Structures are given as C-alpha cells and as structure tokens.
Amino acid sequence: VAIKMDGPNVDGSGTRVFIGALAGVVRGTVENVTVNGECFYSICTNGSAFVGSIAGSAYKGAIISNCRNNAPITAGRYTSAAGGIVGYSVGARIMYCTNNALVLSRCTAWGGHARAGGIVGLKYNGNDGINITEIISCTNYVTPKANAYANISKVNCHKGDMFGYTVDEVYDTF
C-alpha cells in the first residue's frame, strides 16, 4: 500500500488531517497487517497532520496487534505527528508491532510542533485515568526524525523510539 498526498491546499489553523495506509481513524481491532510502500503527507501550511502506517489516529477501545511497518512515514504541517504504526493515540492498545522504516515529522513556523515516534508519534498522557495509551512489546529499528521545513529556532521538535511526545489535550476527529 502506498499513500502520497501532495494536496489539497488546506488553510485554517483548526484543520486536522488523519492519514494511515489502512485508516485515518481506528476505534476497533486491527491485527496482522504489514504496510509497504510510503505514507506521505507534507504541506507547508496551517493546521495539523497525524500520519501512521496503520492509522492517523487510534482512540479508546482500539487494539492494534502484530502489525509491521516497512513504509517510510512523513507528516508535515504547522504541527505534525508521525508514527511508525499510529500518528496520534488516545487510549489505544498497541502491542507486538514493529517499525522497520524512517519516521519523519516536520513543522512549518515559529511555535510549530514536530513529533516523531517509532511506534506512536503523539500520545495523550492519560491524566484522566481512562484514556491511557498502552504500548506493549513493540519494537522500533529506525531512529525517528523531527525538524522544521526551514532553519527556524523557535520550533518544538520531539522524537523517541517508542513515542515522540505526550499531551494533556484530546484531539478528536469530529
């Protein structure tokens, strides 16, 4: 599966894009999926992009198990999160998954955020006690990268082998 989006021209700071080779949003169970090719969404504009090989986002009740990513992942906007398996997670259980490809998250301007994780790009920290994302027995083989489109000093770039960053707010698709 290969997904590459070079458009549309999207403007508006409240616009969120969720992209995955299998689904934009997962709220159920996904098992035994391997992704090859490329997952790419990079537009230098306002808004947020969440990109993962399986799903752009996974929410409470979602279980992603025994999945493998071999596709380079790129997410880019004012703020973006790229994950080898899931771009953004709130309360999902991700287990026995493997990332074998480069994960790159890019941001556009002063104050933007780029978050890249080998398994999950951005995860909700679960401070409400019910939306805790679990990453269980997963493996990442390639160091994620997070940077800005231009050499800008006031950007927030975070990367990690399992997850790129945690937040206190829940972003929903509705």
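Conventions adopted
- All residue numbers refer to position in the chain's written sequence, counted from 1.
- Since the coordinates come from a predicted model, pLDDT governs what is reported: local features require at least 70, and pairs of side-chain atoms require 80 or more to be given and counted, while whole-chain, interface and lining totals use all residues.
- Note that the side-chain values use all heavy atoms of the structure and ignore hydrogens as well as water.
- For two strands to be treated as a pair, DSSP must find at least two bridges joining them.
- Strands here are runs of E lasting at least two residues and helices are runs of H or I lasting at least four, both read from the DSSP assignment and numbered beginning at the N terminus.
- Where helices are involved, their axes are fitted lines through C-alpha atoms of the stretch in contact, as for all axes, and angles between N-to-C directions lie from 0 to 180°.
- Within this scheme, the nonpolar core is defined by two criteria: the residues are buried Ala, Val, Leu, Ile, Met, Phe, Trp, Tyr or Cys, and they are joined through side-chain atoms within 4.5 Å.
- Categorising residues by exposure relies on relative accessible area from a 1.4 Å probe, with only protein chains included: less than 20% of the type maximum marks a residue as buried, more than 50% marks it as exposed, and the intermediate range marks it as partly exposed.
- Contacts are assigned to residue pairs that have any heavy atoms within 4.5 Å of one another.
- A side-chain nitrogen of Lys or Arg and a carboxyl oxygen of Asp or Glu constitute a salt bridge if their distance falls within 4 Å.

Asker: Please provide a residue-by-residue account of the sheet that holds strand β4 (residues 29-31), values included.
Answerer: Taken in spatial order, the four strands make up an open sheet running β4-β9-β14-β19, and their pairing is parallel. Of all the strands in the sheet, the pair left with one neighbour each is β4 and β19 (134-136). Going across the sheet, the axis of each strand differs from the next one's by a mean of 5 degrees, ignoring polarity. Here strand β14 (residues 93-95) pairs with β19 via three bridges, running parallel. In the strand pairing of β19, Met95 is matched with Ile136.

Asker: Residue-level account of the nonpolar core, with values.
Answerer: Core analysis: the biggest nonpolar cluster contains 37 residues, and Ile54, Ile64, Ile85 and Ile94 have the highest contact counts within it. Every residue in contact with Ile94, bar those within four places of it in the chain, is listed here: Ile64, Ile85, Val86, Ser89, Ile119, Val120, Glu134, Ile135, Ile136 and Cys138.

Asker: Describe the sheet that holds strand β3 (residues 23-26), naming the residues involved and giving the relevant values.
Answerer: In space, the five strands of this open sheet follow the order β3-β8-β13-β18-β23, with parallel pairing throughout. Edge positions in the sheet fall to β3 and β23 (163-167), since each of these pairs with one other strand and no more. On average, each strand axis in the sheet is tilted by 15 degrees relative to the strand beside it, whichever way the strands run. As paired strands, strand β8 (residues 55-59) and strand β13 (residues 86-90) are joined by four bridges and run parallel to one another. Bridge pairing in β13 places Ser57 opposite Tyr88.

Asker: Quick rundown of the environment of Thr133? Include the residues and the values.
Answerer: For Thr133, the position within the fold is in the loop between β18 (120-124) and β19. Residue Thr133 is classed as buried on the basis of its relative accessible area of 8%. For the pair Thr133 and Lys60, spaced 73 residues apart in sequence, the C-alpha to C-alpha distance is 8.1 Å. Apart from residues no more than four positions distant in its own chain, Thr133 is found in contact with Ser89, Val90, Gly91, Ala92, Lys123 and Tyr124.

Asker: A description of unusual backbone geometry should follow, citing residues and the corresponding values.
Answerer: Even without being glycine, Tyr96 reaches a positive phi, approximately 55 degrees. Within the secondary structure, Tyr96 is located in the loop between β14 and β15 (98-99). A positive phi is found at Ser137, a non-glycine position, where the angle reads about 50 degrees. The topology assignment puts Ser137 in the loop between β19 and β20 (139-140).

Asker: Can you break down the pattern of salt bridges residue by residue, with the values?
Answerer: Per the stated rule, a full pass over the model turns up one salt bridge. Note that Glu134 and Arg93 form a salt bridge whose closest N and O atoms lie 3.0 Å from each other. Linking Glu134 in strand β19 with Arg93 in strand β14, this pair joins segments that are 41 residues apart in sequence. With relative accessibility at 35%, the residue Arg93 sits in the partly exposed group.

So yeah, pure geometry; function would need other evidence.
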